[in-house]
Amino acid sequence: MSVISALPFLKPIHLRPPRSSPGRQRRHTLPASEFRCLTPEDAISVFEIEREAFISVSGDCPLHLDEIRHFLNLCPELSLGWFEEGRLVAFIIGSLWDQEKLSQDALTLHKPGGTTVHIHALAVHRTFRQQGKGSILMWRYLQYLRCLPYVRRAVLMCEDFLIPFYRKCGFKVRGPCEVTVGSLAFVEMQYPVRGHAFMRRNSGC
């Protein structure tokens, strides 16, 4: 059994009642809202959302299409997608890192022996923004990480204007990030992943 299938908070949920008409049943009805790990087949949908979300703000994407496919092949269990009626509306992609601080290598490498999850990107489709989906998806992702016994913390790098958002999600500023992308400078933030044994006993992990 996969870790995802054992977690109640990552199983498909219905956010609105299904629509039906008397005497007529829809076949193969997709769940209204579903959370699951991403696969390489989701890469193009991920990239389209990411490109629209980041290029207009920062001028570049955290991950290009080949890098998205790279991580979804190596560590799909460290990703999470939010699907509405089968359509991807928000996602997170992460990988493992084995150093105290992020470096340039952290942008492209997955370190299987690491205990730190590097969150590369979180993005929401433009038509679903301003609905709190980013915060909800991050909460579910961090709860999921608590069920992975090898994970001790999550880290990310962001621009200054995103610090309040990630603080609300529980992250704390560690200081300036050593990584730069062109002229962009970043702040490194950290979330301690605690309570592994408790979570495993009480959530079916």
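Residues numbered from 1 in each chain as written. Predicted model: local features only at pLDDT ≥ 70, side-chain atom pairs only at ≥ 80, totals over all residues. Heavy atoms only, no water.

Q: In this structure, what is going on with the overall build of the protein? I would like to understand it.
A: A count of helices and strands for the protein gives six helices and seven strands. Start at the N end of the protein and walk to the C end: the helices and strands fall as α-β-α-α-β-β-β-α-β-α-β-β-α. Across the 205 residues that make up the protein, the buried fraction comes to 45%. Put simply, of all contacts in the protein between residues at least 6 apart along the chain, 66% involve residues at least 24 apart. Within the structure as shown, the protein displays about 11000 Å² of accessible surface, and the carbon and sulfur contribution to it stands at 53%. (Helix = DSSP H or I, 4+ residues; strand = E, 2+ residues; numbered from the N terminus. Buried < 20%, exposed > 50% of the residue type's maximum accessible area, 1.4 Å probe, protein only. Contact = heavy atoms within 4.5 Å. Areas by Shrake-Rupley, 256 points an atom, 1.4 Å probe, with all protein chains shown as cover.)

Q: In this structure, what is going on with the environment of Leu122? I would like to understand it.
A: Tracing the chain through its elements places Leu122 in strand β4 (residues 116-124). Owing to a relative accessible area of 12%, Leu122 belongs among the buried residues under this scheme. Along the backbone, Leu122 and Leu137 are 15 residues apart, and their C-alpha atoms lie at a distance of 8.7 Å. Once residues lying within four places of it in the same chain are set aside, the contact partners of Leu122 are Phe54, Phe91, Ile92, Gly134, Met138 and Tyr166.

Q: Would you explain the pairing of strand β1 (residues 33-36) in this entry?
A: On any regular strand, side chains alternate: one points to one face of the sheet, the next to the other face. Side chains of β1 alternate between two faces, with Ser33 and Phe35 buried and Glu34 and Arg36 left unburied. Bridge count for β1 against strand β2 (residues 79-84) is four bridges, and the pairing is antiparallel. Paired with Phe35 across the bridge in β2 is Trp82. (Pairing = 2+ DSSP bridges.)

Q: Help me understand the pairing of β2 in this model?
A: Of all six residues in β2, six are buried, a share of seventy percent or more. Here β2 shows a buried face lined by Ser79, Gly81 and Phe83 and a second buried face lined by Leu80, Trp82 and Glu84. Of the pairings in the sheet, the one linking β2 to strand β3 (residues 87-97) comprises six bridges and is antiparallel in character. Within β3, the residue paired with Leu80 across the bridge is Ile92. Taking the residues between adjacent antiparallel strands as the criterion, β2 and β3 are bridged by two residues, where Glu85 takes a positive phi near 50°.

Q: I keep staring at the pattern of salt bridges and nothing clicks. Help me out?
A: Tallying each qualifying case throughout the model produces five salt bridges. Residue Lys133 is joined to Glu84 by a salt bridge in which the shortest nitrogen-to-oxygen separation is 3.8 Å. You can see Lys133 sitting in helix α4 (residues 133-145) and its partner Glu84 sitting in strand β2, a full 49 residues away along the chain. On the accessibility criterion, Lys133 (9% relative accessible area) is buried. For Glu84, a relative accessible area of 13% translates into the label buried. (Salt bridge = Lys/Arg side-chain N within 4 Å of Asp/Glu carboxyl O.)

Q: Can you walk me through the nonpolar core in this structure?
A: Proteins that are soluble and globular tend to have nonpolar side chains buried together. Counting 52 residues, the largest nonpolar core has Phe91, Ile93, Ile119, Met138, Leu145 and Phe171 as the members making the most contacts within it. A per-element tally of this core places β3 first, with seven residues. Beyond its immediate sequence surroundings of up to four residues, Ile93 is in contact with Leu38, Val46, Leu63, Ile68, Phe71, Leu72, Leu78, Ser79, His118, Ile119, His120 and Ala121. The next biggest cluster of nonpolar side chains, apart from the first, holds eight residues, and it includes Trp97, Leu102, Val179 and Phe186. (Core = buried A, V, L, I, M, F, W, Y, C linked by side-chain atoms within 4.5 Å.)

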